[in-house]
Structures are given as C-alpha cells and as structure tokens.
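Structural description and commentary
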Amino acid sequence: DGGITQSPKYLFRKEGQNVTLSCEQNLNHDAMYWYRQDPGQGLRLIYYSQIVNDFQKGDIAEGYSVSREKKESFPLTVTSAQKNPTAFYLCASSPRTSGGFNEQFFGPGTRLTVL
Amino acid sequence: GQSLEQPSEVTAVEGAIVQINCTYQTSGFYGLSWYQQHDGGAPTFLSYNALDGLEETGRFSSFLSRSDSYGYLLLQELQMKDSASYFCAVPHQAGTALIFGKGTTLSVSS
C-alpha cells in the first residue's frame, strides 16, 4: 500500500535533548512538508522540500532542522533550541512542485512530549 | 503576510446542513483548499477552488468568491461521522506548501 509513515506515534524526551522524527513516503512524490499542530490550533509550516537535497524554511523553522537526502525520506530534528517542542508533528507529501492545485497527503503524525 | 480566519466551533444535528466560512488575506491567490481532520488523526483533503463558484463533491460542496477573499465549505445531510475539525488553506508564497486556518470544530449530535 502506498502512503506516508511516521514513527514513532508517541515520543517522550527530556528537556535539552535533540530528537529526530521519521517521515517516509512511497508515493513517489517530489515535495514533502513538516507541520506542527498545537491544541486548538491549525497546522503551522516548519520546513518543506520540493526536491532532493533542497529545502526551505516555513513560518516557524527556528529550533528545527531537516535533511532530504532521498526522495522517500524527510526527517525532522527538534533541537534543544526549540523553546516549546511539545506538540503533534505532521509530515505530508504532494506530487507537484509548483503552485496551483496540489493535494497534500498526510502521515499519521508523531505526538512529541518533552518532559 | 498570509492569514485565514474561520469560526472556532460549529454545532449541528444529524441530517442538517452546516456552512463553515473562511476569509483569507494573501499577497497573490492560488486557490483555496479544505481539509478534514478527525480527533488525533491525519488531515485529509476535501475540496479545492481556484475559480469563483461552487464545487460539489457528494455531500460536501465548497464555494469561492475571489473578489471578497471568502470561501465556505457546505456539508449536507450531516452524519455523526462528520464530527471533526475542518481547515481552510492557501498556498504558502505561491508554492506547494500550505498555510492553514486555525480550524473549525464541527460537533454533530443526534
């Protein structure tokens, strides 16, 4: 089955530790995205990548880093510089790399709790 | 900057019709999308409007007025399973990423 996987579903970390969230897709999509969702809030864009080895900052990139070494994978690292990292993190992908209609397909999300 | 406004909550009963409004501010316009998200789940695409008018997909329809920077999602024949959050979204800086509204939580009761 084609889709997007994120692991783990729940993640607990101590304050001050870096943590990497996994995102893999087998949809052969060029573009991938990371969003953060807080309770009662919409999705906020962290980083996105439209092609391998290239990525752009979204609206809330501070304290996060990404890599795109393979088309299928777009891991997100939450660093200790992120002041309030506890949130629900959603990864998505889409087939297009230009504007206009561009349906995004989301993974199941990772709920990160920093203790 | 880009921003979207939508009501935070809407309640309705089974079988009813509900409309969720969305107003947006963007530097350019490249379409308005709607996504549904059940509690704790992944958002799923519902509808997209690039031109003015109504797009119908089964029980769901979406409307756009570019001159008013306004759109809405219309849900008909409501079912309990329609209880979810609904987000409107526009492209981020003319690219493929999206900027989402804060979402409207729809509660359907029997």
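Residues numbered from 1 in each chain as written. Chains lettered and ligands numbered in written order. Predicted model: local features only at pLDDT ≥ 70, side-chain atom pairs only at ≥ 80, totals over all residues. Heavy atoms only, no water.

Details of the nonpolar core
If you look at the biggest cluster of nonpolar residues, it comprises 22 residues, and the most contacted ones within it are B:Leu4, B:Leu32, B:Trp34, B:Leu75, B:Tyr86 and B:Leu106. Of all elements in the fold, only β2 (9–13), β3 (18–25), β4 (32–37), β7 (60–65), β8 (70–75), β9 (84–91) and β11 (104–109) of chain B reach the threshold of two or more residues within this core. Residues contacting B:Leu106, with those up to four places away along its chain left out, are B:Val10, B:Val18, B:Leu75, B:Leu78, B:Asp82, B:Ser83, B:Ala84 and B:Tyr86. Within the second largest apolar cluster, 20 residues are counted, among which are A:Met32, A:Ala61, A:Leu76 and A:Tyr89. (Core = buried A, V, L, I, M, F, W, Y, C linked by side-chain atoms within 4.5 Å. Buried < 20%, exposed > 50% of the residue type's maximum accessible area, 1.4 Å probe, protein only. Helix = DSSP H or I, 4+ residues; strand = E, 2+ residues; numbered from the N terminus. Contact = heavy atoms within 4.5 Å.)

Focus on the interface of chain B and chain A
Between chain B and chain A, the contact holds 21 residues from the first and 28 residues from the second. Around 1,800 Å² of area is buried between chain B and chain A when both sides are counted, 57% of it from carbon and sulfur atoms. The tally of links between chain B and chain A comes to 0 salt bridges. Where chain B packs against chain A, one counts 10 residue pairs in polar contact (both at pLDDT 80 or more). (Buried area = accessible area lost by both parts, 1.4 Å probe. Salt bridge = Lys/Arg side-chain N within 4 Å of Asp/Glu carboxyl O. Polar contact = N/O pair within 3.5 Å; in protein donor to acceptor, adjacent residues only side chain to side chain.)

Digging into empty space enclosed by the protein
One pass over the structure, following the stated rule, counts 1 cavity of 30 Å³ or more. If you add up the space inside the largest cavity, you get close to 60 Å³. Considering the residues around the largest cavity, the lining is formed by 13 residues, among which A:Gly100, A:Asn102, B:Ser33, B:Pro91 and B:Leu98 are closest to the centre. Looking at the lining of the largest cavity, the elements with two or more residues in it are β4 and β9 of chain B. By residue number, the principal contributor to the lining of the largest cavity is β9(B), which donates 3 residues. Of the residues in the lining of the largest cavity, the class split is 7 nonpolar, 6 polar and no charged. (1 Å grid on protein atoms, 1.4 Å probe; cavity = no way out; pocket = protein on both sides within 12 Å on 5 of 7 lines; lining within 4 Å. Points joined across faces, edges and corners; volume = space filled by probe spheres on them. Nonpolar A, V, L, I, M, F, W, Y, C, P; charged D, E, K, R; others polar.)

With respect to the confidence of the model for chain B
Of the residues in chain B, 99% have a pLDDT of 70 or more, and the chain-wide mean is 94. For chain B, per-element mean pLDDT is lowest for strand β10 (residues 98–100) of chain B, which scores 93, and highest for β8(B), which scores 98. (pLDDT = per-residue confidence, 0-100.)

With respect to the pattern of salt bridges
The full count for this structure, using the stated rule, is 5 salt bridges over all chains. A salt bridge links B:Arg59 to B:Asp82; its shortest N-O distance comes to 2.7 Å. Of this pair, B:Arg59 sits in the loop between β6 (53–57) and β7 while B:Asp82 is found in the loop between β8 and β9, placing the two residues 23 residues apart along the sequence. Here the two residues B:Arg59 and B:Asp82 agree in accessibility, since each one is buried. Among the ionic contacts, a cluster of salt bridges with common partners joins A:Arg36, A:Asp38 and A:Arg44.

Here's the deal with the sheet that holds β6(B)
All names here are of chain B. Taken together, 5 strands build an open sheet; the order of strands is β1-β3-β8-β7-β6 and the sheet is antiparallel. What marks the edges here is a single partner per strand, and that holds for β1 (3–5) and β6. On average, each strand axis in the sheet is tilted by 20° relative to the strand beside it, whichever way the strands run. Where β3 meets β8, 6 bridges bridge the pair, whose relative direction is antiparallel. Within the sheet, the bridge partner assigned to Cys 22 lies in β8 and is Gly 71. (Pairing = 2+ DSSP bridges. Axes fitted to C-alpha atoms, helices over the stretch in contact; angles between N-to-C directions.)

Some details on unusual backbone geometry
Glycine aside, residues mostly have negative phi angles, and peptide bonds mostly take the trans form. Here A:Ser7 and A:Pro8 are connected by a cis peptide whose omega angle stands at -10°. Relative to the elements of secondary structure, A:Pro8 occurs in the loop between β1 (4–7) and β2 (10–13). Although it is not a glycine, A:Asn53 sits at a positive phi angle of roughly 65°. A relative accessible area of 63% places A:Asn53 in the exposed class. Positive phi is not limited to glycine here, since B:Ser69 has a value of about 50°.

Quick look at the state of the cysteines
Residue and element names in this part refer to chain B. Summed over all chains, the structure comprises 2 disulfides over all chains. Across the disulfide from Cys 22 sits Cys 88; the S-S distance is 2.1 Å. The sign of the 80° torsion about the S-S bond sets the Cys 22-Cys 88 disulfide as right-handed. With Cys 22 in strand β3 and Cys 88 in strand β9, this pair connects stretches of sequence that are 66 residues apart. The exposure class assigned to Cys 22 is buried, which follows from its relative accessible area of 0%. (Disulfide = S-S within 2.5 Å.)

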